[in-house]
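Structure assessment
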Amino acid sequence: GSLDKYLHEHDQHVPVLSWHERYRIIKGVAASLLYLHEDWEQVVIHRDVKASNVLLDHEMNGRLGDFGLARLYDHGSDPQTTHVVGTMGYLAPELVRTGKATTSTDVFSFGVFLLEVACGRRPIDRDVNSDGRVVLADWVIERHRNGSLLDVVDPRLVGKYEAEEATLVLKLGLMCAHPLPNVRVRP
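Structure report, in brief.

Calculation rules
- Residues numbered from 1 in each chain as written.
- Predicted model: local features only at pLDDT ≥ 70, side-chain atom pairs only at ≥ 80, totals over all residues.
- Heavy atoms only, no water.
- Core = buried A, V, L, I, M, F, W, Y, C linked by side-chain atoms within 4.5 Å.
- Buried < 20%, exposed > 50% of the residue type's maximum accessible area, 1.4 Å probe, protein only.
- Helix = DSSP H or I, 4+ residues; strand = E, 2+ residues; numbered from the N terminus.
- Contact = heavy atoms within 4.5 Å.
- Expected span 1.5 Å × (residues − 1).
- Axes fitted to C-alpha atoms, helices over the stretch in contact; angles between N-to-C directions.
- Parallel < 35°, antiparallel > 145°, perpendicular 65-115°, else oblique.
- Nonpolar A, V, L, I, M, F, W, Y, C, P; charged D, E, K, R; others polar.

Core analysis: the largest hydrophobic core is formed by 43 residues, its most contacted members being Leu3, Ile25, Val54, Phe110, Phe113, Val140 and Leu170. Looking at this core, the elements with two or more residues in it are helix H1 (3–8), helix H2 (19–39), strand E2 (54–56), helix H4 (103–119), helix H5 (136–145) and helix H6 (163–176). Here isoleucine 25 is in contact with Leu3, Leu17, Val54, Leu56, Met60, Gly62 and Phe113, once residues within four sequence places are set aside.

Encoded structure:
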């Protein structure tokens, strides 16, 4: 099934993913994006990197799927997309402004994906303490600034995670989801 089910369906029939499984899934999706962006004969811009588009095999290895919105470009060419597609919460700010999908817009989506996997929360989620909404990246940045970054790790893990790995994933997620495309890191 999809990773989305394991992160967001909270019932006794869907087991909570361990930190080890989450970390392995993250590495698999990162390797997929690296291959699509740099190693294949053309550049593949996925345009919809998110948990529901990550498929899990019987060993819980993550594979990036659903290439219905993907675009191919020759290495070194300038993508000319003008139609904004994707999912709210994962869309890079410059994509919304310009309509131009690039590898950097995929990196932004990947950053949001990292935060989603580590926190077990959707990119735009309801606030349990009010009727408002919480933007995941903003919530994680706020906790990071307050010195409580690890407080955002999915509470269903009940503290069973590697603190160094979780810190790495959260910081990488924030760096990849930076609002300025030229500041984003490449996974």
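Turning our eyes to something else, we now look at H6. Helical geometry: 3.6 residues make up each α-helical turn, so side chains three or four residues apart lie on a common side. Relative to the 20 Å expected for 14 residues at 1.5 Å per residue, H6 spans 20 Å between its end C-alpha atoms, a close match to the ideal helical length. For H6, every residue scored as buried is listed here: Ala166, Val169, Leu170, Gly173, Leu174 and Cys176. Elements in contact with the buried residues of H6: H2, H4 and H5.

Before going further, it helps to spend a moment on the packing of H2 against H4. Where H2 contacts H4, the axes come no closer than 11 Å and their chain directions differ by 175°. Comparing their axes, H4 and H2 come out roughly antiparallel. Judged by residue contacts, Trp19, Arg22, Ile25, Ile26, Val29, Ala30, Leu33 and His37 of H2 engage Thr103, Asp106, Phe110, Phe113, Leu114, Val117 and Ala118 from H4. Residues that form the contact of H2 with H4 fall into these classes: eleven nonpolar, two polar and two charged.

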